[in-house]
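Structure at a glance
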Protein chains: 2
Amino acid sequence: MINKNSPIPLYYQLEEHIKGLIENGELSPGDALPPEREYAEKYQISRMTVRQAFTQLVNEGYLYRLQGKGTFVAERKIEQPLQGLTSFTEDMKARGFTPGNKLIKFEIIPATSQIAGQLKISEYEPVYEIKRIRLADGVPMALETNYISANLIKGLTEQIANQSLYGHIEEHLNLRIESASQVIESSSASQNEAKLLKIANGAPVMHIQRNTYLHDGTPVEFVKSVYRADRYKFMIQMKR
Amino acid sequence: MINKNSPIPLYYQLEEHIKGLIENGELSPGDALPPEREYAEKYQISRMTVRQAFTQLVNEGYLYRLQGKGTFVAERKIEQPLQGLTSFTEDMKARGFTPGNKLIKFEIIPATSQIAGQLKISEYEPVYEIKRIRLADGVPMALETNYISANLIKGLTEQIANQSLYGHIEEHLNLRIESASQVIESSSASQNEAKLLKIANGAPVMHIQRNTYLHDGTPVEFVKSVYRADRYKFMIQMKR
DNA sequence: GAGTGGTCTAGACCACCCC
DNA sequence: GGGTGGTCTAGACCACTCC
């Protein structure tokens with residue numbers, strides 16, 4: 001199970017092993033895990049290394065510890081929308097729909113003051129403006145407009161916009177998206193929104209604004225979305 | 001700064017010390033911290049203990065690490081709604097309003113099948129049903145109905161319902177609320193909702209359903225809220 | 001008292017960054 | 001090459017739970 005000659009850290013190997021046991025059902029919610037000292041001896045690793053693996057799993061919500069009693073498998077997290085920081089594509093798949101895209105705008109424009117403020121850049125700096133209709137099983141679900149600093153994220157193409165923006169940013173540019181803030185409000189569809197979403201003028205919609213940030217707080221993008229309220233519920237999980 | 005004779009763990013003392021430096025502005029976003037080894041020597045503690053403090057602060061979003069370069073102060077988290085798991089009272093204070101309450105129902109009822117399902121108890125088991133109008137600066141902002149298992153949380157009174165439910169649960173019953181899931185949707189106010197919120201019949205509202213859980217996954221409560229959409233935006237922060 | 005997790009030490013070597 | 005964080009060891013003692 002644990003390979004000391006692997007370049008993969010020992011604590012990470014143990015972490016994945018335990019995660020596997022939980023996901024396979026070999027460990028069920030409420031079950032006690034073998035004590036830390038037992039793992040250490042069994043795999044001939046230090047207890048601190050076992051603790052590092054356990055601590056990670058506790059932070060991720062797989063386990064919980066009770067002092068003096070032991071370490072236990074946590075209740076399965078309910079219909080988890082992956083802590084919230086998901087792309088539209090991931091979100092729709094998790095809900096059992098087939099996601100789709102219709103690109104309706106892909107331009108580089110000078111930043112307006114609102115965009116510049118959100119992205120913490122100067123006015124008139126170049127930004128990508130990408131407007132897409134988001135489909136679920138072929139039906140319009142949302143209207144999404146992304147603003148991304150062209151000086152920070154280079155080499156975006158229509159091709160990429162039709163596939164995975166996040167994938168491109170994280171894999172090809174080696175930038176890690178770390179956090180996001182969202183503001184959600186209810187309102188009524190404007191004429192243009194109604195037309196693109198194929199809903200009635202004035203029908204209820206949810207406006208969602210999302211700002212995403214790198215680990216050092218640099219804004220990566222700023223997204224305005226309009227979801228049709230008759231088909232979309234926003235789900236979020238939180239830990240204290 | 002670090003007191004070895006204190007019963008407070010060393011890593012925690014260091015953590016609070018650094019957090020203080022950041023909040024006082026003695027350390028600014030982007031600043032590099034002294035290296036781990038320097039802290040270890042300065043306070044005569046082990047490097048592993050320093051790392052434990054740093055790791056916590058990284059997880060809490062105060063710091064970030066770059067291998068080979070150092071540890072840095074993260075950008076200030078934007079208008080943070082405290083990771084989301086806040087009470088109405090905390091939420092309104094953070095937004096600069098004076099929160100208020102108007103209790104309109106406080107009963108013990110037998111659980112309906114919906115309530116039983118959400119709280120994972122049996123049908124007809126006793127539950128508290130607490131209905132309140134939530135005010136901001138004296139104006140109705142939301143309608144909130146809590147369902148709490150009377151067998152799990154004992155001794156609730158109208159008095160407590162008018163103050164702090166969470167406070168009572170966490171302090172007096174020694175139960176830690178660990179996580180929550182929320183579902184948010186847009187709709188239109190029913191006649192009754194409109195009347196209680198003093199808005200027009202059919203005006204846009206946000207329905208928010210929240211389920212809260214203990215660390216082992218036991219459901220603590222189940223809350224249905226109706227917020228008036230003209231005055232309320234839902235804000236949420238997420239980490240990947 | 002035995003067993004559990006919580007804290008802590010004093011080292012070690014590795015991987016990565018920058019000069 | 002020197003400095004940084006990343007991983008890891010083999011112990012130690014403490015606090016808490018349960019019998």
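Just above, that's the structure.
These notes cover the structure that comes with them. (Residues numbered from 1 in each chain as written. Chains lettered and ligands numbered in written order. Predicted model: local features only at pLDDT ≥ 70, side-chain atom pairs only at ≥ 80, totals over all residues. Heavy atoms only, no water.)

**Remarks on the protein's contact with DNA strand D**
Leu10, Tyr11, Ser46 and Thr49 of chain A together with Pro35 of chain B are the nearest of the 28 residues found near DNA strand D. The contact atoms of DNA strand D, taken as those within 4 Å of the protein, divide so that sugar and phosphate hold 66%. Between a phosphate oxygen of DNA strand D and a side-chain N or O atom of Lys69 of chain A, the distance comes to 3.0 Å. Within the contact set of DNA strand D, a phosphate oxygen lies 3.0 Å away from a side-chain nitrogen or oxygen of Arg51 of chain B. Elements supplying a minimum of two residues to the surface near DNA strand D: helix H1 (10–24) and helix H3 (47–59) of chain A together with helix H2 (36–42), helix H3 (47–59), strand S1 (63–66) and strand S2 (70–73) of chain B. For the surface near DNA strand D, a count of residues per class yields 8 nonpolar, 10 polar and 10 charged. (Near = heavy atom within 4 Å. Polar contact = N/O pair within 3.5 Å; in protein donor to acceptor, adjacent residues only side chain to side chain. Helix = DSSP H or I, 4+ residues; strand = E, 2+ residues; numbered from the N terminus. Nonpolar A, V, L, I, M, F, W, Y, C, P; charged D, E, K, R; others polar.)

**Looking at the protein's contact with DNA strand C**
DNA strand C sits among 28 residues. The nearest are Arg37 of chain A together with Leu10, Tyr11, Ser46 and Thr49 of chain B. If you look at DNA strand C and keep only atoms within 4 Å of the protein, 64% of those are sugar or phosphate atoms. Between Gly68 of chain A and DNA strand C, the recorded distance is 3.1 Å, taken from a backbone N or O atom to a base nitrogen. The side chain of Thr71 of chain A places a nitrogen or oxygen atom 3.1 Å from a phosphate oxygen of DNA strand C. Looking at the surface near DNA strand C element by element, the count peaks at 4 residues for H3 of chain B. Along the lines of polarity and charge, the residues of the surface near DNA strand C split into 8 nonpolar, 10 polar and 10 charged.

**So, the interface of chain B and chain A**
The partner chain A presents 38 residues to the 38 residues of chain B that form the contact. Taken together, both faces of the contact between chain B and chain A bury some 3600 Å²; the carbon and sulfur share is 56%. Where chain B packs against chain A, one counts 2 salt bridges. Its salt-bridge partner being Glu185 of chain A, residue Lys233 of chain B comes within 3.8 Å of it at the nearest N-O pair. Mapped onto the side of chain B that touches chain A, the elements with two or more residues apiece are H3, S1, strand S6 (177–188), strand S7 (204–214) and strand S9 (234–239) of chain B. The residue makeup of the side of chain B that touches chain A, split by class, is 18 nonpolar, 10 polar and 10 charged. (Contact = heavy atoms within 4.5 Å. Buried area = accessible area lost by both parts, 1.4 Å probe. Salt bridge = Lys/Arg side-chain N within 4 Å of Asp/Glu carboxyl O.)

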